[in-house]
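The residues making up each chain are set out below.
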Amino acid sequence: MTDVDTTTSIDLLTAAHGSPSPETVDAVVAHLRLEQRIGSNAALADVTDVLEQAYADLGELFGVDGAGVVMVDSGTHGLRTLLASWPFPAGATAAVTPSEFGPNLDVFTFAGLTPVGLQVDEHGVLDLDAFARRLRTNPPDLVHLTHLASHRGLVQPVHEAVTMCRAAGVPLWVDAAQSFGHLDTAFGADAVCAPARKWMHGPRGAGVVALHETAWSRLRPFRPRHATGDGPIDALRFGETSTAVRIGFARAVRAHLEHGPEQVRARLAAAGDALREVVRGMPGWDLVDHPAASGALVGLRPNHGQDVEAEHARLASEYGITTTACLPWRAAEVDEPLLRLAPSAPLTPAQTDCLRSALG
């Protein structure tokens, strides 16, 4: 990096990896030192209450009983765990919107499910009237919604879809990778998967699956002969993992609740609104977010033939602005690379001037 004014360097990578707080890092290190002193099994027994509190905290954030929460290694690991534990008939279908995170489609296909499209409006939002007809006349085996798209500010109406799917008896799973710790995720879906490392600012290598109690009976997880506990959630929780990373995740979640999820959401909404005002109408770029976008994930499309990957590199090297180049693999609706901006707080005036200069 050259000729960068560090007072105006801008981290716009929260949607990729929000930086853990010093307290979260300290929690991870402290547990590793505890394992060093007394051994990993004894250390795990020593923090059982911390993990139980984390299950309750995560249940609150996802609108489910904490007894249905499982910690996993990532959001994708959570989806694969669900598919390995929830039997579907041969030839099953998974209904998705065009903004579905692309790698999820690969996971469905690998598991033997066929992705099928759901109707959306002109902005890419699920058409609830068409959805209701689909549930009545040709229900899929599974509905899977990416709550907040990974490439632009587009939120799907998950709260409404949960009510409709539950009435129709169709399971609804949600990818909350970009909305967990960012938007309201207490929708009580049958299953929700999310990583710890983005807007929740947890450590990498941790994630969550949150299951509504009405879905527990559908689960048929693998249970080794030495597994403890009786129910399907116990089976999903059993196994070797990094307890230290999960303790760090627990600390990040507790901090989020202590700060106040509504206050966090308001701060991020303000950051996104201000950033959209900065980039709206800026020469060379088109804003591709929903007109009523909420939150701090902002997508831009080049309109002067710029190479997005080259622009991403230039912004970092010349201005210290870190962004994400969103390539077409991210979603079916992405037909050309987009530039993603994702701040964790409103930009300062100096940062705003720097961004205008860099993009203009």
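Up top you'll find the structure we're talking about.
First things first, this report covers the structure right here in the doc. (Residues numbered from 1 in each chain as written. Predicted model: local features only at pLDDT ≥ 70, side-chain atom pairs only at ≥ 80, totals over all residues. Heavy atoms only, no water.)

This part covers the overall build of the protein. Of regular secondary structure, the protein possesses 13 helices and 13 strands. Along the longest, intermediate and shortest principal axes, the C-alpha atoms of the protein span 60 × 60 × 35 Å. With 360 residues in all, the protein has 52% of them scored as buried. Across the protein, every contact between residues at least 6 apart in sequence was considered, and the portion connecting residues at least 24 apart equals 68%. Per element, the accessible surface of the protein, about 15,700 Å² overall, is 52% carbon and sulfur. Each charge sign in the protein was given a centre, from 28 positive and 42 negative side chains, and these centres are 4 Å apart. (Helix = DSSP H or I, 4+ residues; strand = E, 2+ residues; numbered from the N terminus. Buried < 20%, exposed > 50% of the residue type's maximum accessible area, 1.4 Å probe, protein only. Contact = heavy atoms within 4.5 Å. Areas by Shrake-Rupley, 256 points an atom, 1.4 Å probe, with all protein chains shown as cover. Lys, Arg positive; Asp, Glu negative; His and termini not counted. Charge placed at Lys NZ, Arg CZ, Asp CG, Glu CD.)

This part covers the nonpolar core. As a rule of thumb, nonpolar side chains are buried together in soluble globular proteins. Membership of the largest hydrophobic core comes to 43 residues, with the highest contact counts inside it found for Leu58, Phe62, Val143, Phe180 and Phe249. It is helix H10 (residues 243-259) that contributes the most residues to this core, 7 residues altogether. Within the second largest apolar cluster, 23 residues are counted, among which are Leu82, Ala94, Ala215 and Leu219. (Core = buried A, V, L, I, M, F, W, Y, C linked by side-chain atoms within 4.5 Å.)

A separate point is the state of the cysteines. A full pass over the atoms with the stated rule returns 0 disulfides. Between Cys193, a free cysteine, and Cys165, which holds the nearest cysteine sulfur, the sulfur-to-sulfur gap is 16 Å. (Disulfide = S-S within 2.5 Å.)

A positive phi angle, near 60°, is found at His201, a position not held by glycine. In this fold, His201 is placed in the loop between strand S7 (191-195) and strand S8 (207-211). Given the relative accessible area of 22%, His201 is considered partly exposed.

Another point: the sheet that holds strand S10 (residues 298-302). Picture the strands of a sheet paired through backbone hydrogen bonds; they go either parallel or antiparallel. Ordered by their spatial adjacency, 4 strands build an open sheet running S9-S10-S13-S12, and the pairing between neighbours is antiparallel. Whereas interior strands pair on both sides, the edge strands pair on one side only; in this sheet they are strand S9 (285-287) and strand S12 (324-326). Neighbour-to-neighbour, the strand axes of the sheet open up by a mean angle of 35°, direction not taken into account. In terms of strand pairing, S10 meets strand S13 (residues 338-341) through 3 bridges, oriented antiparallel. Note that in S13 the partner of Val298 across the bridge is Leu341. (Pairing = 2+ DSSP bridges. Axes fitted to C-alpha atoms, helices over the stretch in contact; angles between N-to-C directions.)

Moving on: the pairing of S7. In terms of burial, S7 is a largely internal element, 5 of the 5 residues being buried. In terms of strand pairing, strand S6 (residues 172-175) meets S7 through 3 bridges, oriented parallel. Bridge pairing links Trp173 to Ala191 in S7. The pairing of S7 with S8 spans 5 bridges and is classified as antiparallel. What sits directly across from Val192, in S8, is Ala210.

The tally for this structure, following the rule as stated, stands at 13 salt bridges. Note that Glu277 and Arg280 form a salt bridge whose closest N and O atoms lie 2.5 Å from each other. The class for Glu277 is exposed, based on a relative accessible area of 56%. The exposure class of Arg280 is partly exposed, given its relative accessible area of 43%. Each of Asp273, Arg276 and Asp289 takes part in a single network of salt bridges with overlapping partners. (Salt bridge = Lys/Arg side-chain N within 4 Å of Asp/Glu carboxyl O.)

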